[in-house]
Amino acid sequence: MAVTASQVKELRELTGAGMMDCKKALTATEGDIKKAIDWLRENGLAKAAKKESRIAAEGLSRILVEGNKACIVEINSETDFVAKNDKFLALLDETLATLINSDAKTVEEALALTCGEATLNDAFINAVATIGEKITLRRFENIVKADDEVFGTYTHQGGRITAVTVVKGGDAQVAKNMAMQVASMNPTYISRAYMPQDVVDHERSIQESIVANDESLANKPEKVKKGIVEGRVSKSLQEMCLVDQEFFLDTNTKCGAYLKENNAEVLKFVKYTVGEGIEKKQDDFAAEVAAMAQK
């Protein structure tokens, strides 16, 4: 019998299995939903839905560059061990290849993209069923440069940290050095010009309060106090700005000076650190052993 799209949809919702696997299951069981569920379970393809509540904070990030386009992506797994799995690495490459020429802006849009005969979401569901861990597309960004601009990329610890820069002027080595700077020194902005005014205002208000409460400065002229505040604000914010940071290859030089020497300017950078901001599950091994002993 012919398998309908509504049957495939229903089976997917019930099992979390991929579209093509659902179609195979329904074909093999002549459209019987209950038997199809059993078929998927027997073939290890109905596991994905059961893993959604788990925490995936490990994984890898990777960058793909094709001409004037670059894509940086982070895919998470539950364990670092799985991130070394060939199937996981293949999924990472497949995801990059799917995303780099797309107009997707969100994870939801990305997962809906066509990937082979199905969708990228199906590829993730199938990977979960095959590998046996929760695997998620956490984030990605597509970056486009002009012909007279250069991409710089850097990958640290096999993909635990990745960074990509867009540099105008200079050369590929300058762009790579800036990517390494971003990866190692973690700037938030390119320069003060890129920093939102509320960030500056917040830091200034803090420093003004500190100076106002400093009895040793009580008799200083307001002009002097203002100069002290601005000096402290500048010092506090400079580590957030790429151009104000010490250049990692020469700590006697600021990145801004290095860029100027090479007639270069950083236009954009993106850095991913795998798992940052995700609250990881803390396993209590002693408690687990005690609980097992009670069974």
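Structure shown above.
Presented here is a report on the structure given in the accompanying data block.

Thoughts on the pairing of strand β9 (residues 250–254)
With two bridges joining them, strand β8 (residues 246–247) and β9 adopt antiparallel strand pairing. Bridging from a neighbouring strand, F247 pairs with D250 of β9. Adjacent in sequence and paired antiparallel, β8 and β9 are bridged by two residues.

Notes on the pattern of salt bridges
When their charged atoms lie close together, side chains carrying opposite charge are able to pair. Tallying each qualifying case throughout the model produces eleven salt bridges. With its nearest N and O atoms 2.6 Å apart, the salt bridge here joins E74 to R139. In this pair, E74 sits in strand β2 (residues 69–77) while R139 sits in strand β5 (residues 136–144), placing the two residues 65 residues apart along the sequence. For the pair E74 and R139, a shared accessibility class is recorded, and that class is buried. The network of salt bridges with shared partners includes E74, R138, R139 and E276.

Here's the deal with the packing of helix α4 (residues 86–99) against helix α6 (residues 120–131)
The interhelical angle for the contact between α4 and α6, taken along N-to-C directions, is 175°, at an axis separation of 11 Å. Compared by their axis directions, α4 and α6 come out roughly antiparallel. Contact residues: K87, F88, L91, E94, T95 and T98 in α4; L120, A123, F124, A127, T130 and I131 in α6. Across the contact of α4 with α6, the residue classes tally to seven nonpolar, three polar and two charged.

Points about the side chain of E58
When you line up the elements, E58 lands in strand β1 (residues 58–66). Of the residues examined, E58 reaches a relative accessible area of 17% and is grouped as buried. In terms of polar contacts, E58 uses its side chain to reach the side chain of R160, at 3.0 Å.

Rules and cut-offs
- Residues numbered from 1 in each chain as written.
- Predicted model: local features only at pLDDT ≥ 70, side-chain atom pairs only at ≥ 80, totals over all residues.
- Heavy atoms only, no water.
- Pairing = 2+ DSSP bridges.
- Helix = DSSP H or I, 4+ residues; strand = E, 2+ residues; numbered from the N terminus.
- Salt bridge = Lys/Arg side-chain N within 4 Å of Asp/Glu carboxyl O.
- Buried < 20%, exposed > 50% of the residue type's maximum accessible area, 1.4 Å probe, protein only.
- Axes fitted to C-alpha atoms, helices over the stretch in contact; angles between N-to-C directions.
- Parallel < 35°, antiparallel > 145°, perpendicular 65-115°, else oblique.
- Contact = heavy atoms within 4.5 Å.
- Nonpolar A, V, L, I, M, F, W, Y, C, P; charged D, E, K, R; others polar.
- Polar contact = N/O pair within 3.5 Å; in protein donor to acceptor, adjacent residues only side chain to side chain.

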